[in-house]
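# Close look at the chain arrangement
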Amino acid sequence: MNGLGAYVSALSRFNNWCETKGLNSLPASPATVAAFVAACEPIGFENLLQSVVAISNAHTGRGLADPTFGPVSAELNRISGIGVPPSWKKADWPAFMALPYPLQVCVIERDKEARRAIGRAFNETASARQELAEIKSREAHEDFQECP
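Residues numbered from 1 in each chain as written. Predicted model: local features only at pLDDT ≥ 70, side-chain atom pairs only at ≥ 80, totals over all residues. Heavy atoms only, no water.

### Some words on helix α3 (residues 45-60)
The criterion, for reference: Only DSSP runs of H or I with at least four residues qualify as helices, and only runs of E with at least two residues qualify as strands; both kinds are numbered from the N terminus onward. Each helix should span, by expectation, one fewer than its residue count multiplied by 1.5 Å. In this scheme, a residue with accessible area under 20% of its type's maximum is buried, one over 50% is exposed, and one in between is partly exposed, where area comes from a 1.4 Å probe on protein chains only.
Compared with an ideal rise of 1.5 Å per residue, which puts 16 residues at 22 Å, α3 spans 22 Å between its outermost C-alpha atoms and is within 8% of the ideal. Along α3, the residues that are buried comprise Phe 45, Leu 48, Leu 49, Ser 51, Val 52, Ala 54, Ile 55, Ser 56, Ala 58 and His 59.

Shown next as structure tokens:
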């Protein structure tokens, strides 16, 4: 199911869950959305993420506060297992976990790109050093042979 049908289905899943629990779905609290995410983990991460996006859009589209930050992001992070980027200090982990999940994914991707770039730079430096050593060795050998 794609497009509008998937959106309606994802939002209906949340609305139905809230109704069975006696909770407000609109406006929903971050705690309600986080509880929904935790309770519905068995439906799969992609379905949960689709529901969270639909919940966010339903709220922001009506001028309501987006309830999908903070504890919801932490739950999505826990389920997906993406973790905190290695470059973040432990003291900053709570701030990372409070970011909206899509932003967490973006930060992690940028962190991976930076680590790959650093790795390439180290490899290029090692290769350049090795090449320089070979040139110096050749020159020293050639200079020795050219001495009268």
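### Focus: the pattern of salt bridges
Any two side chains of opposite charge can pair, on the condition that their charged atoms come close. To keep it simple, the criterion reads: Each reported salt bridge corresponds to a side-chain nitrogen of Lys or Arg within 4 Å of a carboxyl oxygen of Asp or Glu.
One pass over the full model with this rule turns up five salt bridges. Linking Glu 75 and Arg 78 is a salt bridge whose minimum nitrogen-to-oxygen distance equals 2.8 Å. On the criterion of helical spacing, the pair formed by Glu 75 and Arg 78 is a turn pair, its members being three residues apart in helix α4 (residues 71-80). We note a salt bridge from Asp 111 to Arg 115, for which the minimum N-O separation is 3.0 Å. You can see Asp 111 and its partner Arg 115 sitting in helix α6 (residues 101-146), four residues apart, about one turn around the helix. Of the residues examined, Asp 111 reaches a relative accessible area of 9% and is grouped as buried.

### Quick notes on the nonpolar core
Keep this limit in mind: The definition of a nonpolar core used throughout is a set of buried Ala, Val, Leu, Ile, Met, Phe, Trp, Tyr and Cys residues joined through side-chain atoms within 4.5 Å. Pairs of residues are marked as contacts when any of their non-hydrogen atoms sit within 4.5 Å.
Formed by 22 residues in total, the largest nonpolar core has its most connected members in Phe 14, Phe 36, Val 37, Leu 48, Val 72 and Leu 76. Sorting the residues of this core by element identifies α1 (3-21), α2 (30-39), α3 and α4 as the ones contributing at least two each. In terms of residue count, the dominant contributor to this core is α3 (seven residues). Once residues within four sequence positions are removed from consideration, Val 72 is found in contact with Pro 30, Val 33, Ala 34, Val 37, Val 52 and Pro 67.

### Focus: the packing of α3 against α4
Put simply, the rule is: Angles shown run from 0 to 180 degrees and are taken between the N-to-C directions of axes, each axis being a line fitted to C-alpha atoms and, for helices, limited to the stretch in contact. Roughly parallel covers angles under 35 degrees, roughly antiparallel covers those over 145, roughly perpendicular covers 65 to 115, and oblique covers all other angles. By definition, any crossing whose near helix is turned counterclockwise from its far helix by less than a right angle is left-handed, and any crossing with a clockwise turn is right-handed. Residues are sorted three ways: Asp, Glu, Lys and Arg are charged, Ala, Val, Leu, Ile, Met, Phe, Trp, Tyr, Cys and Pro are nonpolar, and all the rest, Gly among them, are polar.
Where α3 meets α4, the axes come as close as 11 Å, and the angle between the chain directions of the two elements is 165°. With respect to each other, α3 and α4 are oriented roughly antiparallel. For the pair α3 and α4, the crossing hand works out as left-handed. Contacts from Phe 45, Leu 48, Leu 49 and Val 52 of α3 reach α4 at Val 72, Leu 76, Ile 79 and Ser 80. Tallied by class, residues from the contact of α3 with α4 come to seven nonpolar, one polar and no charged.

### A word on α2
Among the residues of α2, those classed as buried are Thr 32, Val 33, Ala 34, Phe 36 and Val 37. Where the residues of α2 are buried, they touch α1, α3 and α4.

### Brief notes about the packing of aromatic side chains
The cut-off we apply is this: Put simply, two rings from Phe, Tyr or Trp (the six-membered ring, in Trp's case) pair if the centres are within 6.5 Å, and we call them stacked under 30 degrees between planes, edge-to-face over 60, tilted for the rest.
What the rule picks out here adds up to four aromatic pairs. Measuring from ring centre to ring centre gives 5.6 Å for Trp 17 and Phe 36, while their planes differ by 70°; the resulting arrangement is edge-to-face. One end of the pair, Trp 17, is in helix α1; the other, Phe 36, is in helix α2, and 19 residues separate them in sequence. Here the two residues Trp 17 and Phe 36 agree in accessibility, since each one is buried. An aromatic cluster is defined as three or more aromatic residues linked by ring pairs; in this entry it consists of Phe 14, Trp 17 and Phe 36.

As far as function goes, none of this settles anything; it's purely spatial.
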